[in-house]
Amino acid sequence: MSSRTPLIAGNWKMYKTVPEALETAEQLKEAVIDISGREIVISPPYVCLFPVAVALKGSNIVVAGQNVFWEDEGAYTGEVSPGMLKSAGCAYTIIGHSERRQYFGETNETVNKKIKMSIAAGLTCIVCIGELLEERETGRTFAVLETQLSEGLDGISAPQMAAVVIAYEPVWAIGTGKTATTAQAEEAHRFIRSRIEHAYGSEVSGTTRILYGGSVKPDNIDQLMAEEDVDGVLVGGASLKVESFSRIVHFVVLG
Ligand code: PEP
């Protein structure tokens, strides 16, 4: 296994009211109390962030925004700034999730602005990239990933990369039950790491964590985590239930 600390992140998307989120967080806290040496992140809806962060204070679970805006403050009705996420108790924010790209007009340019402002506010960014099925089938996976990386990380310095985690999420595998094979995940992760090395050198590429996302479940987590360049996972559906997310957090290191 690499020296990179595994990161297991749960994206709750638009699920759970405040009482439901609190109940799940309290149960999860107990279920993973034995875990050390692995980072655990959950990303509840905005309105749940503060109470959940308070409930998890002192635990081994930290809280992330699912999205963020790129200004500190202003007349941007409905938006939330990096500083606001930080003040609500977030250590992380997800940026550029494919659902934001698909339904809300997120582009590599807005991803880039959000990363810069979030790093400045002291948040670690989980930056999502990944190809559509059609792009994979027409042999454009690496080209798409390369563009998303170069445009998304434009102007981010090597020291700032310490606050960036990449999540490779093939869009065709998100919420579909179709997981990339471990070989497909490793191939994409290795490519991403090579592009980071090209841009920032081997020290940064060796320490940057690359997560896999797309129908991660208790029955495929151990195989995924056995891949050399898979440093963790971003989990949607299977993060909503304590039992399944706890099993994912407790992944078994295969010999
Ligand atoms: C996600 O929301 O980032 C995700 C990967 O979802 P799922 O695990 O449900 O495919």
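Predicted model only: the values in this text are computed from it and were never measured.

1. Thoughts on the packing of aromatic side chains
(1) Moving on: The full count for this structure, using the stated rule, is 5 aromatic pairs.
(2) Moving on: Ring geometry for Phe142 against Phe191: centres 4.3 Å apart, planes inclined by 0°, an arrangement best described as stacked. Note that Phe142 is positioned in helix 7 (residues 141–152) and Phe191 in helix 8 (residues 182–200), a separation of 49 residues in sequence.
(3) Moving on: By way of ring pairs, the aromatic residues Phe69, Trp70 and Tyr76 are connected into one cluster.

2. So, the environment of Ile119
(1) Moving on: Position of Ile119 among the secondary structure elements: in helix 5 (residues 108–120).
(2) Moving on: Accessibility expressed as a relative area gives 15% for Ile119, which makes it buried.
(3) Moving on: For the pair Ile119 and Met161, spaced 42 residues apart in sequence, the C-alpha separation works out to 9.2 Å.
(4) Moving on: Among all residues touching Ile119, those that are not within four sequence positions of it are Cys125, Ile156, Gln160, Ala163 and Val164.

3. A word on the sheet that holds strand 8 (residues 232–235)
(1) Moving on: In space, the 8 strands of this closed barrel follow the order 1-2-3-4-5-6-7-8, with parallel pairing throughout. Ignoring strand direction, the axes of neighbouring strands in this sheet form an average angle of 25°.
(2) Moving on: Bridge analysis of strand 1 (residues 7–11) against strand 8 gives 4 bridges, and the strand direction is parallel. Looking at the pairing, Ala9 lines up with Leu234 of strand 8.

4. Points about the pattern of salt bridges
(1) Moving on: Applying the stated criterion across every chain, the model contains 13 salt bridges.
(2) Moving on: Residue Glu106 is joined to Lys114 by a salt bridge in which the shortest nitrogen-to-oxygen separation is 3.0 Å.
(3) Moving on: Overall, Glu106 belongs to the buried group, its relative accessible area being 8%.
(4) Moving on: According to the relative accessible area criterion, Lys114 is buried, its value standing at 5%.
(5) Moving on: Across the pair Arg247 and Asp222 runs a salt bridge, and its minimum N-O distance is 2.5 Å. Within this pair, whereas Arg247 is found in helix 11 (residues 242–249), its partner Asp222 is found in helix 10 (residues 221–225), the two being separated by 25 residues in sequence.
(6) Moving on: Here the residues in one salt-bridge network are Arg4, Glu186, Arg190, Arg193, Asp229 and Asp231, joined through shared partners.

5. Focus: the site of the ligand
(1) Moving on: The full set close to the ligand counts 14 residues, and Lys13, Glu169, Gly175, Ser215 and Gly236 are the nearest of them.
(2) Moving on: Here an oxygen atom of the ligand and a side-chain polar atom of Asn11 are 3.2 Å apart.
(3) Moving on: Here Glu169 contributes a side-chain N or O atom positioned 2.7 Å from an oxygen atom of the ligand.
(4) Moving on: Here the ligand loses 97% of its free accessible area of 290 Å² to cover by the protein chains.

Rules used in this analysis
- Residues numbered from 1 in each chain as written.
- Predicted model: local features only at pLDDT ≥ 70, side-chain atom pairs only at ≥ 80, totals over all residues.
- Heavy atoms only, no water.
- Phe/Tyr/Trp six-rings, centres within 6.5 Å; stacked < 30°, edge-to-face > 60°.
- Helix = DSSP H or I, 4+ residues; strand = E, 2+ residues; numbered from the N terminus.
- Buried < 20%, exposed > 50% of the residue type's maximum accessible area, 1.4 Å probe, protein only.
- Contact = heavy atoms within 4.5 Å.
- Pairing = 2+ DSSP bridges.
- Axes fitted to C-alpha atoms, helices over the stretch in contact; angles between N-to-C directions.
- Salt bridge = Lys/Arg side-chain N within 4 Å of Asp/Glu carboxyl O.
- Near = heavy atom within 4 Å.
- Polar contact = N/O pair within 3.5 Å; in protein donor to acceptor, adjacent residues only side chain to side chain.
- Areas by Shrake-Rupley, 256 points an atom, 1.4 Å probe, with all protein chains shown as cover.

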